Amino acid sequence: MGNNILVVIIVTSLATYLSRFLGVVSAEKIKETSKIFRWFNCLAYSTLAALIARIVIFPSGTLSEVDYLVRFIVVILSIVIFFLTKKNLVYPTLFSAMILSLLNVYL
Amino acid sequence: MVDTEYFLKGFKSIKGVGSPAIALGASFIAIGALLKNLGFSIQESIFSTFLTYALPGSLVMAESMLIGASLINIFLAVWLVNARLYPMTVALMPLLIHENQPRWKYYLSCHFIAVSSWLIMKDNYENIEKENRIDFWIGIGTATWSVAIVSTVIGYVVSDFLNKDILIGLSIINPIYFICMMIGAMKTIQISLSVALGTILGPVFYFLSPEWCILFGGFIAGTIAFLIGEKNGK
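Residues numbered from 1 in each chain as written. Chains lettered and ligands numbered in written order. Predicted model: local features only at pLDDT ≥ 70, side-chain atom pairs only at ≥ 80, totals over all residues.

> Just checking my understanding: could you explain the overall build of chain A for this structure?
Across its full length, chain A holds four helices and zero strands. In sequence order, chain A lays out its α and β elements as α-α-α-α. Its C-alpha atoms give chain A a radius of gyration of 19 Å, more than 25% over the compact-globule value 13 Å for 107 residues. Along the first, second and third principal axes, the C-alpha atoms of chain A reach 55 × 50 × 20 Å. (Helix = DSSP H or I, 4+ residues; strand = E, 2+ residues; numbered from the N terminus. Rg over C-alpha atoms; globule rule 2.2 N^0.38 Å.)

Spelled out as structure tokens, the structure:
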């Protein structure tokens, strides 16, 4: 690790802020009723979906140590809980960690 | 400057049945522990979440530091992984921009754009008059950002007590929160198709390029969803 931590943090934050900043610059000229706005809206949702699918299917960190089948079961059960609890977000998130830990130990 | 009433209304979004606090907390606790293991001081860890506030970016920073990447490589890797923030910002800010509001609010508060705050704002903006949306947004942003910073500190402090099983449990919480939020957002043909196609094409493109799969897969999925939606009257 040759780089100074503080410099690395600043470089990381600038690289991150760049996309947000350019987003506001572009947004100043875009009306919310326009076609281009609807296109970007689709791009934003699809990119997020791609990101989340990647995190679950090809994880890079600790999640990669969990079996595919276990991850799949946890996702399905959490979605079921989400609908059973009338779209409450707290229950599925809490249950997901519990189900994952249980399945990971006993399967 | 900032209307307190709408700021607080936004700030309260971290309470209740739609709360992102647990999901955000879980992932930033993991980040705090990771940064400590990387050799960051507690001040540097706080500074990192304070300034970056984007999870995949912080993870890439950590990975790059481990392999001793150069600053320019770190910049490019982080920029690439956080480039999704560009379409997210373009898809959010036109809903908030109002002629009576000063420009600095937009350039400063765009720092708060992250998946959870963005999804909450998208879910709620219609209930707020356009002029007040930016203050409402600053409230949401401040709340989610604060949770992230506090959780980073907690993760840093308790890192010695976090064994592998706990970290594995923490790692699923955030994706599950996002999945449920996205399903909740599927109210029009365009958004439903964008989410469904993105979920399929992101992993498919992984086989071509792990680095570019999210942007390529997302771009193609979103464009197809847009075209089909336009043909069918949104």
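And the narrative resumes.
> Sorry if this is basic, but what is going on with the overall build of chain B here?
Each helix and strand counted, chain B has 13 helices and zero strands in total. Listing each helix as α and each strand as β along chain B from the N terminus yields α-α-α-α-α-α-α-α-α-α-α-α-α. Compactness check: chain B gives a C-alpha radius of gyration of 18 Å against a globular reference of 17 Å for 234 residues, within 12% of the reference. Across its three principal directions, the C-alpha atoms of chain B cover 55 × 50 × 35 Å. A total of 234 residues make up chain B; the buried ones form 54% of that total. The long-range fraction of contacts in chain B, counting pairs at least 24 apart against all pairs at least 6 apart in sequence, stands at 77%. (Buried ≥ 20, exposed ≤ 12 C-beta atoms within 10 Å, placed from the backbone. Contact = placed C-beta atoms within 7 Å.)

> Is there a simple way to think about the domain arrangement of chain A in this case?
Where the parts come together, the accessible area they lose is often given as the size of the interface. What the domain assignment reports for chain A is domain 1 (1–30), domain 2 (31–60) and domain 3 (66–107). In this structure, domain 2 of chain A and domain 3 of chain A have C-alpha centres spaced 24 Å apart. (Domains from an automatic or database assignment.)

> Teacher, can you tell me more about unusual backbone geometry here?
Trans peptide bonds make up most of the peptide bonds, and negative phi angles are found at most residues other than glycine. The phi dihedral of A:Lys87 is positive, around 65°, even though this residue is not glycine. Tracing the sequence through the fold places A:Lys87 in the loop between α3 (68–84) and α4 (90–106). The residue B:Tyr53 is not glycine, and still its phi comes out positive at about 45°. Mapped onto the fold, B:Tyr53 is located in the loop between α3 (42–52) and α4 (55–66).

> Explanation requested: helix α12 (residues 189–206) of chain B in the structure shown.
For α12(B), spanning 18 residues, the distance from its first C-alpha to its last is 26 Å, which sits close to the expected 26 Å at 1.5 Å a residue. At B:Gly198, α12(B) shows its maximal bend, which comes to roughly 25°. Residues of α12(B) that are buried: B:Gln190, B:Ile191, B:Leu193, B:Ser194, B:Val195, B:Leu197, B:Gly198, B:Thr199, B:Leu201, B:Gly202, B:Phe205 and B:Tyr206. Where α12(B) is buried, its residues contact α2 (35–57) of chain A together with α11 (164–185) and α13 (213–231) of chain B. (Expected span 1.5 Å × (residues − 1). Bend = angle between axes of the 7 residues up to and from the residue.)

> For this particular structure, what's the right way to read the domain arrangement of chain B?
Along its sequence, chain B is carved into domain 1 (4–173) and domain 2 (186–234). A C-alpha centroid distance of 24 Å is found between domain 1 of chain B and domain 2 of chain B.

> Please explain the confidence of the model for chain B as it appears in this structure.
If pLDDT is low for a region, its predicted coordinates should not be looked at in detail. On average, residues of chain B score 94 in pLDDT, and 100% of them reach the 70 mark or higher. For this predicted complex, the interface confidence score (ipTM) comes to 0.93, while the overall pTM stands at 0.93. (pLDDT = per-residue confidence, 0-100.)

> What is the right way to look at the interface of chain B and chain A in this model?
Taken together, the contact between chain B and chain A spans 81 residues of the former and 71 residues of the latter. Top element by residues in the side of chain B that touches chain A is α11(B). It accounts for 19 residues. Residues that form the side of chain B that touches chain A fall into these classes: 57 nonpolar, 20 polar and four charged. (Nonpolar A, V, L, I, M, F, W, Y, C, P; charged D, E, K, R; others polar.)

> What am I meant to see in the packing of helix α1 (residues 5–27) of chain A against α3(B) here?
The description of two helices packed together rests on the angle between their axes and the distance between the axes. The N-to-C vectors of α1(A) and α3(B) enclose an angle of 15°; their axes lie 9 Å apart at closest approach. In this view, α1(A) runs roughly parallel relative to α3(B), as classed from their interaxial angle. Judged by the twist between their axes, the crossing of α1(A) over α3(B) is right-handed. Residue-level contacts link A:Ile5, A:Leu6, A:Ile9, A:Thr12, A:Ser13 and A:Thr16 of α1(A) to B:Glu44, B:Phe47, B:Ser48, B:Leu51 and B:Thr52 of α3(B). Its residues placed into classes, the contact of α1(A) with α3(B) shows five nonpolar, five polar and one charged. (Axes fitted to C-alpha atoms, helices over the stretch in contact; angles between N-to-C directions. Parallel < 35°, antiparallel > 145°, perpendicular 65-115°, else oblique. Left-handed = near helix turned anticlockwise from the far one by under 90°.)

> Teacher, can you tell me more about the nonpolar core here?
Across soluble globular proteins, nonpolar side chains have a tendency to be buried as a group. Within the largest apolar cluster, 110 residues are counted, with the highest numbers of intra-cluster contacts made by A:Ile52 and B:Leu92. A per-element tally of this core places α2(A) first, with 14 residues. For A:Ile52, the residues in contact, after removing those within four places along its chain, are B:Pro175, B:Phe178, B:Ile179 and B:Met182. (Core = buried A, V, L, I, M, F, W, Y, C linked by C-beta atoms within 7 Å.)

> I would appreciate a short explanation of the environment of B:Ile228 in the present structure.
Residues and elements named next belong to chain B. Assignment of secondary structure puts Ile-228 in helix α13. Judged by the 15 C-beta atoms lying within 10 Å of it, Ile-228 falls in the partly exposed class. Residues Ile-228 and Ile-138, spaced 90 residues apart in sequence, show a C-alpha to C-alpha distance of 34 Å.

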